[in-house]
Amino acid sequence: DPAAYGEAFAEVYDEWYHDISDTDAAVAALVALSGGGKLLELGVGTGRIAIPLAREGAHVEGIDASPAMLAQLAAKPGGALVRTHCADMAELPLAGLFEVVFVAFNTFFNLTTEAAQRRCLDRVASILEPGGLFVIEAFVPAEPGTAATTEHDEQTRRRGADVVRSVSRHDPVTQTVSGVHFQTTPGGDTTE
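Now for a look at the structure at hand. Keep in mind that what you see is a predicted model, and the values were worked out from it rather than measured. (Residues numbered from 1 in each chain as written. Predicted model: local features only at pLDDT ≥ 70, side-chain atom pairs only at ≥ 80, totals over all residues. Heavy atoms only, no water.)

1. A look at helix α4 (residues 67–75)
Quick reminder of the rule: For every residue, the accessible area (1.4 Å probe, protein chains only) is compared with the maximum for its type, and the residue is labelled buried under 20%, exposed over 50%, or partly exposed between those bounds. A run of H or I in DSSP becomes a helix once it reaches four residues, and a run of E becomes a strand once it reaches two; helices and strands are each numbered from the N terminus. What the arc covers is the set of directions going from the helix axis to the C-beta atoms.
For α4, every residue scored as buried is listed here: M69, L70 and L73. Buried residues of α4, seen end-on, are gathered within an arc of 95° and therefore sit on one face of the element. Residues of α4 that are exposed and point more than 90 degrees away from the buried face comprise A74 and A75.

Encoded structure:
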């Protein structure tokens with residue numbers, strides 16, 4: 001379900017991931033690449049990139065499968081500057097042409113099958129202006145066998161009174177990252 005992640009984490013996304021990458025640098029690069037043309041963000045989420053782009057005067061649209069993420073975006077100052085669409089980015093049911101279509105910080109990998117990725121890429125190609133650009137910001141794992149290679153990543157965060165432990169694993173052979181979130185309530189109940 002493309003909306004599942006957003007529905008589960010919309011209320012804490014900004015708190016947990018506000019500094020996941022250099023937003024100011026991304027906005028500056030996208031403004032320069034667009035040349036004043038229209039931009040479309042795939043997996044716009046809470047608007048971490050889209051709202052600052054719109055504040056810079058860019059015409060920005062965003063697509064996300066999660067109504068909860070889009071509600072968070074709309075409730076923010078400047079959220080009304082971004083035209084949003086609630087839909088699966090693999091299907092990309094939009095008309096019109098864009099100078100730049102972009103997807104920030106690993107969001108493209110929420111398309112977990114080659115077929116879904118191909119559908120998305122085909123649709124992106126069909127809505128780009130001639131000479132337009134598709135920009136993907138993506139996690140690039142370290143080379144296997146190097147000191148920087150991390151097979152497992154664990155993080156613990158709070159969600160209200162609950163504790164959420166996230167564990168992810170990179171498989172260098174299949175080039176996949178998988179993960180799970182465990183949420184423990186003050187009463188000791190754990191959900192996955």
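2. Focus on the side chain of T107
Stated precisely, the cut-off is as follows: By definition, residues are in contact when any of their heavy atoms lie within 4.5 Å.
Inspection of the secondary structure puts T107 in the loop between β4 (98–103) and α5 (114–127). In contact with T107, other than residues within four places in its own chain, are L42, G43 and M89.

3. Observations regarding the pairing of strand β5 (residues 128–136)
Two faces belong to every sheet, and in a regular strand the side chains alternate between them. Defined as follows: At least two DSSP bridges between two strands are required for those strands to pair.
Where β4 and β5 come together, five bridges link them in parallel fashion. Each bridged residue has a counterpart across the sheet, and for F102 the counterpart in β5 is V135.

4. Observations regarding the sheet that holds β4
As a reminder of what qualifies: Helix axes are fitted to C-alpha atoms over the stretch in contact, other axes to C-alpha atoms as well, and angles between N-to-C directions run from 0 to 180 degrees.
An order of β3-β2-β1-β4-β5 is seen for the five strands of this open sheet, with the pairing classed as parallel. Both edges of this open sheet fall to β3 (83–86) and β5, since each of them pairs with a single strand only. Adjacent strand axes in the sheet meet at a mean angle of 20° when their direction is disregarded. Contacts between helix α2 (residues 23–34) and the sheet are confined to β1 (39–42), β4 and β5, with β4 contributing the most and set at about 155° to the helix.

5. Description of the packing of aromatic side chains
Condition: Side-chain rings of Phe, Tyr and Trp (the six-membered ring for Trp) are treated as a pair once their centres are within 6.5 Å; stacked means planes under 30 degrees apart, edge-to-face means over 60, and tilted covers the remaining angles. Only when the NZ atom of a Lys or the CZ atom of an Arg is both within 6 Å of the ring centre and within 35 degrees of the ring normal do we say a charge sits over the ring.
For the coordinates displayed, the defined rule picks out two aromatic pairs. Seen in terms of ring centroids, F108 and F109 are 6.4 Å apart; in terms of plane orientation they differ by 70°. Their pairing is edge-to-face. Of the residues examined, F108 reaches a relative accessible area of 8% and is grouped as buried. The ring centre of F98 lies 4.7 Å from the NZ or CZ of K38, which sits over that ring.

6. Comments concerning the environment of V124
Tracing the chain through its elements places V124 in helix α5. Look at V124 and you get buried, because its relative accessible area is 2%. Linking V124 and F98, residues 26 residues apart in sequence, is a C-alpha distance of 9.1 Å. Residues in contact with V124, not counting those within four places in the same chain, are L42, L92, V101 and F134.

7. What to know about the pairing of β1
Stated precisely, the cut-off is as follows: Every crossover in which the path from the first strand over the helix to the second runs clockwise, viewed with the strands pointing away from the viewer, is termed right-handed.
Neither face of β1 is open: one carries L39 and E41, the other L40 and L42, and all of them are buried. Note that β1 and strand β2 (residues 60–64) share four bridges and pair parallel. If you follow L40 over to β2, its bridge partner there is E61. Running through helix α3 (residues 50–55), the crossover from β1 to the neighbouring parallel element β2 is right-handed. With four bridges joining them, β1 and β4 adopt parallel strand pairing.

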